[in-house]
Amino acid sequence: MNKIKIAVAKGDGIGPEIMDVVLSIFDAANVPLTYEIIEMGKSFYDKGFSTGMTQEAKETVESLGVLFKGPMETPKGKGVKSINVTARKTWSTYANRRHFKSLTGVNTVFSKAGIPIDLTIVRENIEGTYGGIEHMLTQDVALCRRLISRPGSMQVHRFAFEMAKKEGFKTVTCAHKANIMKLTDGLFLDTFYEVAKDYPEISANDIIVDDLAMKLVSKPQSFELVVLTNLQGDIMSDLCAGLVGGLGFAPSANIGDQISIFEAVHGTAPDIMGKNIANPTALLLSGFMLLRHLGLMDFADKIENALLLTLEQGNHTGDFGDKSNPSLSTTEFAEKIISNLGKAPSIGLNRKSQIPSTFHLPEKPSVQKMMASSLRKQEKVTGLDLFFESQDTPQSCAEILKGFESSDVKLIMISNRGTQVWPSGSVFTECVDQYRARFELSVGKETTLKEMMDLATRISEKVFVSSIEILRYFDNNPGYSLAQGQ
Ligand code: NAI
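Thresholds, definitions, all that
Residues numbered from 1 in each chain as written. Predicted model: local features only at pLDDT ≥ 70, side-chain atom pairs only at ≥ 80, totals over all residues. Heavy atoms only, no water. Near = heavy atom within 4 Å. Areas by Shrake-Rupley, 256 points an atom, 1.4 Å probe, with all protein chains shown as cover. Nonpolar A, V, L, I, M, F, W, Y, C, P; charged D, E, K, R; others polar. Buried < 20%, exposed > 50% of the residue type's maximum accessible area, 1.4 Å probe, protein only. Helix = DSSP H or I, 4+ residues; strand = E, 2+ residues; numbered from the N terminus. Arc of directions from axis to C-beta. Contact = heavy atoms within 4.5 Å. Pairing = 2+ DSSP bridges. Axes fitted to C-alpha atoms, helices over the stretch in contact; angles between N-to-C directions. Polar contact = N/O pair within 3.5 Å; in protein donor to acceptor, adjacent residues only side chain to side chain. Parallel < 35°, antiparallel > 145°, perpendicular 65-115°, else oblique. Left-handed = near helix turned anticlockwise from the far one by under 90°. Right-handed = clockwise from strand over helix to strand, strands pointing away. Salt bridge = Lys/Arg side-chain N within 4 Å of Asp/Glu carboxyl O. Core = buried A, V, L, I, M, F, W, Y, C linked by side-chain atoms within 4.5 Å. Phe/Tyr/Trp six-rings, centres within 6.5 Å; stacked < 30°, edge-to-face > 60°.

### Digging into the site of the ligand
Part 1: M72, G267, A269, D271 and N279 are the nearest of the 21 residues found near the ligand.
Part 2: Here the ligand has 820 Å² of accessible area as a free molecule, and 67% of this is covered by the chains.
Part 3: Of the residues in the shell around the ligand, the class split is nine nonpolar, six polar and six charged.

### Quick look at helix α8 (residues 209–218)
Part 1: Within the sequence span of α8, burial applies to V209, L212, A213 and L216. For α8, the buried positions fall inside an angular range of 105° around the axis, keeping them on one side.
Part 2: Next to the buried residues of α8 lie α5 (109–112), β5 (118–124), β8 (171–176), β9 (203–208), β10 (225–228) and α9 (230–243).

### Points about the sheet that holds strand β15 (residues 419–422)
Part 1: In space, the six strands of this open sheet follow the order β15-β14-β16-β13-β17-β18, with antiparallel pairing throughout. In this open sheet, the two edge strands, each paired with only one partner strand, are β15 and β18 (477–478).
Part 2: Judged from the seven bridges that link them, strand β13 (residues 379–389) and strand β16 (residues 434–441) form a sheet pairing that is antiparallel. Directly across from L384, in β16, lies its bridge partner F439.
Part 3: Lying over the sheet, helix α13 (residues 394–402) contacts β13, β14 (409–416), β15 and β16, oriented at roughly 155° with respect to β14.

### Brief notes about the side chain of Q420
Part 1: Among the secondary structure elements, Q420 is positioned in strand β15.
Part 2: Side chain to side chain, Q420 and S424 meet in a polar contact 3.1 Å long.
Part 3: Those residues within four positions of Q420 in sequence are excluded, and the remaining contacts are M413, I414, S415, G425, A483, Q484, G485 and Q486.

### Section: the packing of helix α6 (residues 150–167) against helix α7 (residues 184–196)
Part 1: In contact at an axis separation of 9 Å, α6 and α7 are set at 45° when each is read in the N-to-C sense. Taken together, α6 and α7 sit at an angle that is classed as oblique. As α6 packs across α7, the resulting crossing turns out to be right-handed. Where α6 approaches α7, its residues R150, S153, M154, V156, H157, R158 and F161 are matched on the opposing element by L187, F188, T191, F192, E194, V195 and A196.
Part 2: Each residue belonging to the contact of α6 with α7 can be placed in one class, and the counts come to eight nonpolar, three polar and three charged.

### Some remarks on the pairing of strand β1 (residues 4–9)
Part 1: Here five bridges tie β1 to strand β2 (residues 33–37), and the two strands are oriented parallel to one another. Within β2, the position partnered with K5 by the bridge is T34.
Part 2: For the crossover that starts at β1, traverses helix α1 (residues 15–28) and ends in the parallel β2, the hand is right-handed.
Part 3: Here β1 runs beside strand β3 (residues 66–69); their pairing, made up of three bridges, is parallel. For A7, the partnering residue across the bridge sits in β3 and is L67.

### Structural notes on the pattern of salt bridges
Part 1: This model, assessed by the stated rule, comprises 23 salt bridges.
Part 2: Note that K58 is salt-bridged to E62, the shortest N-O span being 3.5 Å. Linking K58 with E62, this pair stays in helix α3 (residues 55–64), spanning four residues, or about one helical turn.
Part 3: Where R98 meets D234, a salt bridge forms, and the shortest distance between an N and an O atom there is 3.7 Å.

### Some words on unusual backbone geometry
Part 1: A cis amide bond, omega 5°, links W422 with the succeeding residue P423.
Part 2: As for its placement among the helices and strands, P423 is situated in the loop between β15 and β16.
Part 3: The backbone phi angle of N30 is positive, close to 55°, even though this residue is not glycine.
Part 4: With a phi close to 40°, A269 is a non-glycine residue in the positive phi region.
Part 5: The residue A269 is located in the loop between β12 (260–264) and α10 (281–293) in this model.

### Overview of the nonpolar core
Part 1: Core analysis: the biggest nonpolar cluster contains 89 residues, and F26, F68, L291 and I303 have the highest contact counts within it.
Part 2: Once residues lying within four places of it in the same chain are set aside, the contact partners of I303 are I25, F26, A29, V31, L284, F288, L291 and L341.
Part 3: Ranked by size, the runner-up nonpolar core spans 22 residues in total, among them F388, F404, V409 and W422.

### Considerations on the packing of aromatic side chains
Part 1: Across all of its chains, the model carries eight aromatic pairs by this definition.
Part 2: Taking 6.1 Å as the distance between ring centres and 10° as the angle between the ring planes, the aromatic pair formed by F26 and F68 counts as stacked. Taken as a pair, F26 in helix α1 and F68 in strand β3 lie far apart in primary sequence, 42 residues in all.
Part 3: With a relative accessible area of 0%, F26 lands in the buried category.
Part 4: By relative accessible area, which is 0% here, F68 ends up buried.

### Considerations on the sheet that holds strand β4 (residues 95–101)
Part 1: On the basis of which strands lie adjacent, the open sheet formed by ten strands has the order β2-β1-β3-β12-β11-β4-β5-β10-β8-β9 and mixed pairing. Here the strands that pair on one side only, and so sit at the sheet edges, are β2 and β9. With strand direction ignored, the average angle separating the axes of adjacent strands in the sheet is 25°.
Part 2: As defined by bridge partners, β3 adjoins β12 across three bridges and the pair is classed as parallel. Bridge pairing links L67 to I261 in β12.
Part 3: The strands touched by α1 are β1, β2 and β3; relative to β3, the strand with the most contacts, the crossing angle is about 120°.
Part 4: Of the strands in this sheet, β1, β2, β3, β4, β11 (251–255) and β12 are in contact with α10, which crosses β12 at around 155°.

What follows is the structure in structure tokens.
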């Protein structure tokens, strides 16, 4: 059998300890892989590589298409980006798949109650607040832009439905907060049902994310596959890790069309590094996702059976299991798994289906791919939202800004932290030194971008304008939300 070459980054903290034992288990099972160890992690950041990896490391991943990585420390300090998030975003690994399954020998509240858990989270991996676009608008007010795109949402929903189809999931659930964030989460939800139409055999439903949080804790067995936006998905997947015994059992795969990254959900665990006590299970489970991604199903099944038997026998590292049995070190735990290779656990694997691998080496594009919608809507400029700094009352701000009205463009409202404070509002609404003024044309009228930019420039001579948004209609729908109370 030809060996497949993959890139491996051992990572920081406990990363090298757990990666070494996982690769030793792969080798003992004769997995047909070879490894190119790449230079990536905090130490390379410290050596001056701002992305945390050398140019050779980047080229290796881009040519091999698969990175198996240990956790990496996020360098401390303002303005420093996470190496992990940079890698996921740079290589467009848009779907983060995380599988949470009860394991025999790993006691949890649910296992004790006889409730088995087997659920998968697909988290959008590029957008949302992880765009990391943040600004201080005034000394008191910080802004983080939360970008949700139609193509980005379509990609992750299609991934979830394709996975459901291939692996026999019956229901896909979209979790969101579209009741509050009508444009961003609304777009995520609309595109979910748009994609669902192509999969009539799979049941599609949705749930508000806070309701999901409650139901995951009270009835986790009622979900099979849940797709979420980035931050909501991050939080819900750590909650799910807690349901199955903690971070030591939470694997993840970051899947893109060309490049994929496999890693445990947990971090570098600096408190236990170098002690040979870390639990390698989450990284090993991520390794199974990697092997199946490459089409090495039998190898994944063989090692997974050995792991299940090892757990069933009561073997455990210090972070879980029956404390009346002594804890094993990381290496001892791996040796037990190796000694169980080829044996079957009493409760074997319950695979839904064998998934044909779609793995291929990356096809390097000559320029970045543009993923714009093909059907274009009629667009018209209808006004301006102007964000400005002031410690004056809404009424005095309005008096200044009304001086900039014209026969067509009127000051419609002023809001503070999203709540309307002028022309009507409540004196109980507490304000900060950052207002938004909305200038809008009367219904049906249209202006130009230049006119709105000129208006902003003129106003900036009177008040400090920290940011603007151009108001637009797309077909006959406003591309902006109302203020609370408007
Ligand atoms: P952490 O996941 O490293 O540790 C949280 C707690 O879980 C600690 O008590 C730790 O000892 C324990 N723990 C984690 N993994 C374990 C394992 N395999 N076996 C036994 N116990 C384990 O989270 P923390 O402390 O918030 O982050 C530490 C560093 O890791 C930070 O620099 C963070 O940015 C980075 N990080 C990296 C990630 C990645 O590379 N994908 C993911 C999460 C955090």
